[in-house]
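# Understanding the architecture of this molecule
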Amino acid sequence: MLAIVDDCTRENLALVADTSLSGVRVARELDRLITERGRPKMIVSDNGSEFTSNAILAWADQAHVEWHYIAPGKPMQNGFIESFNGRLRDELLNEMLFSSLSHARAGLAIWRADYNGSRPHSQLGWQTPAEFASTFNPRRALALRNLKSSAPSPASSPAHQGKPNPGNELRTG
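Small disclaimer: the values here were computed from a predicted structure and weren't measured.

Before going further, it helps to spend a moment on the nonpolar core. Within the largest apolar cluster, 18 residues are counted, with the highest numbers of intra-cluster contacts made by L2, I4, L30, W59 and W67. At the level of elements, β1 (2-5), β2 (12-16), α1 (23-37) and α2 (54-63) are the ones that each hand at least two residues to this core. Contact partners of L2, with chain neighbours within four places excluded, come to A14, L15, V16, L21, V26, E29 and F51. Among the nonpolar cores identified, the runner-up in size contains eleven residues, and L15, A17, L108 and W111 belong to it.

Turning our eyes to something else, we now look at the pairing of β2. Counting buried residues in β2 gives five out of five residues, a clear majority hidden from the surface. Alignment of β1 against β2, held across four bridges, turns out to be antiparallel. Looking at β2, one finds that A3 is bridged to L15. Between β1 and β2, which follow one another and run antiparallel, lie six residues, and R10 among them has a positive phi close to 65 degrees.

Moving on, we get to the pairing of strand β4 (residues 66-69). Summarising the sheet, strand β3 (residues 42-45) and β4 pair through four bridges and their orientation is parallel. What sits directly across from V44, in β4, is H68. On the question of chirality, the crossover connecting β3 to the parallel β4 by way of α2 is right-handed.

Across all of its chains, the model carries six aromatic pairs by this definition. With centroids separated by 5.4 Å and ring planes inclined at 15 degrees, the aromatic side chains of W111 and Y115 adopt a geometry described as stacked. Placement of both W111 and Y115 in helix α4 (residues 101-118) is noted, with a separation of four residues, approximately one turn of the helix. Of note, R10 hangs over the ring of F80, and the distance from its end group to the ring centre comes to 4.4 Å.

So, about α4. Between its terminal C-alpha atoms α4 stretches 25 Å, which fits the 26 Å expected from 18 residues at 1.5 Å a residue. Where α4 is concerned, the buried positions are A104, G107, L108, W111, Y115 and N116. Projected onto a plane normal to the axis of α4, the buried residues spread over an arc of 155 degrees and lie on a single side. In this structure, α4 carries S102 and I110 as exposed residues pointing more than 90 degrees from its buried face. Where α4 is buried, its residues meet β2, α3 (79-93) and α5 (129-135).

This part covers the packing of α1 against α2. Contact geometry for α1 and α2: axes closest at 8 Å, N-to-C directions at 25 degrees. Taken together, the axes of α1 and α2 are roughly parallel relative to one another. For the pair α1 and α2, contact is made by G23, V24, V26, A27, L30, D31 and I34 and by A55, I56, W59 and A63, respectively. Here the residues of the contact of α1 with α2 are counted per class, giving nine nonpolar, one polar and one charged.

Looking at α2, one finds that the buried residues are I56, W59, A60 and A63. The buried residues of α2 occupy one face: seen down the axis, they fall within an arc of 95 degrees. Opposite the buried face of α2, by more than 90 degrees, sit the exposed residues N54, D61 and Q62. Where α2 is buried, its residues meet α1, β3 and β4. Looking one or two residues beyond α2, the residue adopting positive phi is H64, at roughly 60 degrees.

Another aspect to go through is the pattern of salt bridges. Per the stated rule, a full pass over the model turns up nine salt bridges. R25 is the partner of D18 in a salt bridge, and the nearest nitrogen-oxygen pair spans 3.5 Å. Take R25: its relative accessible area is 17%, and that puts it in the buried class. Two residues, R119 and E91, come together in a salt bridge whose shortest N-O distance is 2.5 Å. One end of the pair, R119, is in the loop between α4 and α5; the other, E91, is in helix α3, and 28 residues separate them in sequence. Residue class for E91 comes out partly exposed when judged on its relative accessible area of 37%.

Reading the values: rules and limits
Residues numbered from 1 in each chain as written. Predicted model: local features only at pLDDT ≥ 70, side-chain atom pairs only at ≥ 80, totals over all residues. Heavy atoms only, no water. Core = buried A, V, L, I, M, F, W, Y, C linked by side-chain atoms within 4.5 Å. Buried < 20%, exposed > 50% of the residue type's maximum accessible area, 1.4 Å probe, protein only. Helix = DSSP H or I, 4+ residues; strand = E, 2+ residues; numbered from the N terminus. Contact = heavy atoms within 4.5 Å. Pairing = 2+ DSSP bridges. Right-handed = clockwise from strand over helix to strand, strands pointing away. Phe/Tyr/Trp six-rings, centres within 6.5 Å; stacked < 30°, edge-to-face > 60°. Lys NZ or Arg CZ within 6 Å of the ring centre and 35° of its normal. Expected span 1.5 Å × (residues − 1). Arc of directions from axis to C-beta. Axes fitted to C-alpha atoms, helices over the stretch in contact; angles between N-to-C directions. Parallel < 35°, antiparallel > 145°, perpendicular 65-115°, else oblique. Nonpolar A, V, L, I, M, F, W, Y, C, P; charged D, E, K, R; others polar. Salt bridge = Lys/Arg side-chain N within 4 Å of Asp/Glu carboxyl O.

Structure (C-alpha cells):
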C-alpha cells in the first residue's frame, strides 16, 4: 500500500493498494497527483525499493521535484506520515479482513474520505484537511508555517535599509 500525505494541508492525497508497488507504479500515481494538484517542491520518503528505484530517480529528475530520503532506521524524520500510517493501521487495517483487492480499495477510499472530510486537526485551527486545503493560499505558506513554530521569535526587527542614522552609529575615541 502507498500512502501519500500533504504535510502542509494534512490531506491524504492517495491510498493505493495493489499486489505490488514498483517505482514505475509510484511514478504513475505521482504524475496523476501533479496533474490534479500541481508539482510539489519536495517529496520526503523512506528508503524503500520502490522509492530508490531507477524509475523514481528518473521521474524526480524529469519532473524537477527534489526527493529527500530519511535516514535509514529513523522513521521520526518523517513523523507525520508515520503517525498517519499508525492511525490507518489501528483504525482500518487491523480491524478489517479484506476478501479481495477491490474490497481493500473500497475500504481505503471510505477511510480516506472520512479522514480528509470529517476529522479536524489542531494544527489546522480545528479545520478538516479538506476545509483547510480549500482556503489555503500558497503565498501565505511562509506565514502559516511560522504560526506555531518551535523556533524563537526574532530578538529585534530587521535593519532598515536606506540612509544610515548617524545618531545610532557606534563612536570610538
